[in-house]
Amino acid sequence: MPAFSTVVTGEVWHAEARAWLTDMVAGLGYEVTSVAQPRVRPWSTQLVVETTGGRLWFKAGCAAMRFEPGLLSLLARVVPQEVDAPVAVVQERGWMLTADRGTTLADTHEPRPDDWASVLRTWARLQRAVADRGDEMRDTGLPDRSPQGTVDRFDAMLDRLTTLPPGHPARLADEVAKDLHDARPIVERAAHTLAAGPFPTTLQHGDLHPGNVFAVDGTLRVFDFGDAQWAHPLEALMVPRAVVEHGGRVPWATLQAAYLAEWDVPTDDGALDEMLRAAAVTHAVNRSSSWWDALDEASDAEWDDWGEAPARHLARVLDEVAPGQV
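The structure reproduced in this document is the subject of the present report.

1. Looking at the pairing of strand β7 (residues 213-216)
The sheet contact formed by β7 and strand β8 (residues 219-222) spans 4 bridges and is antiparallel. If you follow F214 over to β8, its bridge partner there is R221. From the end of β7 to the start of β8, which pair antiparallel, there are 2 residues, and D217 there has a positive phi angle of about 50°.

2. Topic: the sheet that holds strand β2 (residues 44-51)
Within the open sheet, the 5 strands sit side by side as β1-β2-β3-β5-β4. Their pairing is antiparallel. For this open sheet the edge positions go to β1 (32-40) and β4 (88-90), each flanked by a neighbour on one side alone. In this sheet, adjacent strand axes meet at a mean angle of 20° when their direction is disregarded. Sheet topology note: the strand β3 (residues 54-61)/strand β5 (residues 95-99) ladder contains 5 bridges and is antiparallel. Looking at β5, one finds that F58 is bridged to L97.

3. Observations regarding the pattern of salt bridges
Following the criterion strictly, the structure yields 17 salt bridges and no others. Between R138 and D144 there is a salt bridge, with the nearest N and O atoms lying 3.9 Å from each other. Using a relative accessible area of 28% as the deciding quantity, one classes R138 as partly exposed. Classification of D144 by relative accessible area gives partly exposed; the value is 39%. One salt bridge connects R312 with E308, and the closest N-O pair in it is separated by 2.7 Å. Three or more residues joined by partner-sharing salt bridges are found here, namely K59, E68 and D224.

4. Remarks on a nonpolar patch on the surface
The grouping of L28, Y30 and V87 at the surface amounts to a nonpolar patch, some 240 Å² of accessible area in total. Secondary-structure assignment places V87 in the loop between α3 (68-78) and β4. Judged by its relative accessible area of 34%, V87 is partly exposed.

5. Here we look at the side chain of T202
In this structure, T202 sits in strand β6 (residues 202-204). Those residues in contact with T202, other than ones at most four positions away along the chain, are Q127, V130, A131, Q229, W230, A231, P233 and W263.

6. Here's the deal with unusual backbone geometry
Although it is not a glycine, D224 sits at a positive phi angle of roughly 65°. Of note, D224 is situated in the loop between β8 and β9 (229-231). Exposure remark for D224: the relative accessible area of 27% places this residue in the partly exposed category. The phi dihedral of D264 is positive, around 55°, even though this residue is not glycine. Here D264 is to be found in the loop between α11 (252-263) and α12 (269-294). According to the relative accessible area criterion, D264 is exposed, its value standing at 64%.

Cut-offs and rules
In this numbering scheme, every chain counts its residues from 1 along its sequence in written order. Only residues with pLDDT of at least 70 get local features here, since the model is predicted, and only at 80 or more are side-chain atom pairs given and counted; chain-wide, interface and lining totals rely on the full set of residues. In computing side-chain properties, one takes all heavy atoms of the structure into account and sets aside hydrogens as well as water. Only strands that DSSP links by at least two bridges are regarded as paired with each other. Numbering of helices and strands starts at the N terminus; helices are DSSP runs of H or I of at least 4 residues and strands are runs of E of at least 2. Axis lines are fitted to C-alpha atoms, over the contacting stretch for helices. Their N-to-C directions set the angle, which ranges from 0 to 180 degrees. Only one rule defines a salt bridge in this text: a Lys or Arg side-chain nitrogen within 4 Å of an Asp or Glu carboxyl oxygen. Relative accessibility under 20% of the residue-type maximum defines a buried residue, over 50% an exposed one, and the middle range a partly exposed one, all with a 1.4 Å probe and only protein chains included. Patch membership requires more than 30% relative accessible area and the absence of a salt bridge. Residues of like charge join within 9 Å; the nonpolar side chains Val, Leu, Ile, Met, Phe, Trp and Tyr join within 5 Å. Note on areas: Shrake-Rupley with a 1.4 Å probe; residue coverage comes only from the protein chains shown. The contact criterion used is simple: two residues touch if any of their non-hydrogen atoms lie within 4.5 Å.

Okay, here's the thing in structure tokens:
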């Protein structure tokens, strides 16, 4: 089977996409004037579609991310203040056409503490609003990575990454594999902590930061749901925390408090700290699974470029292991 990136840069695919775009744009009363392909990844591609009525964006995802158009359509109905509705979709092909919203929150200026706080509060409100719609969300094809299945996913990823051929970019080093095997009880405990806690399983964006948010008419609209999954809500804090702490300019404790205030879930500091550590563990497992799925249609060269990611993320389970636990 050809790699996803090979398919979406081929003449046949472009002819099909261009024909669909021409029909969709004509239905809006406009004409396509140009189409450019600025970005191709092993898991998705984007086209910039210039029309007589302005710019539109086309996105196509690999098989593992084909759920995104359906998920976005559902979210636009349920939480229209936080998510833009796509202009048109082809669910079975993972195609969608969306409006151009200009620059992202991160592109307009260096994100300030109040920008980050607004993003996290917006996401927490969205998570609460969709928490009782799990069946509808999963019916779109959204991956189910709830805490209850974490240990099985951990076992599956550990087996995959230790049985790859020597030299494969995703193969775990023997010492790391042994440490991860010994850390299995840590994963079990983390999954149990989250499953037994007060937060419901809900939508996890997977890559939440100001670069995936537009400011529209005084409100924030979240986009880019290709990494989304049905998981524990606190996992949504892991990417923002990593970005903020790496930058070193924004106080993370304040932002975390802003997010948690939207949940209004009573818990003492000790229990909260335990859940956050547990979420870091389950997030490592789930992120590893996401990367593995995203690379399923990658070429050999793309595996060389991106293939270390599943092993790198799974190994982050060990970041939460105290000395002497393994």
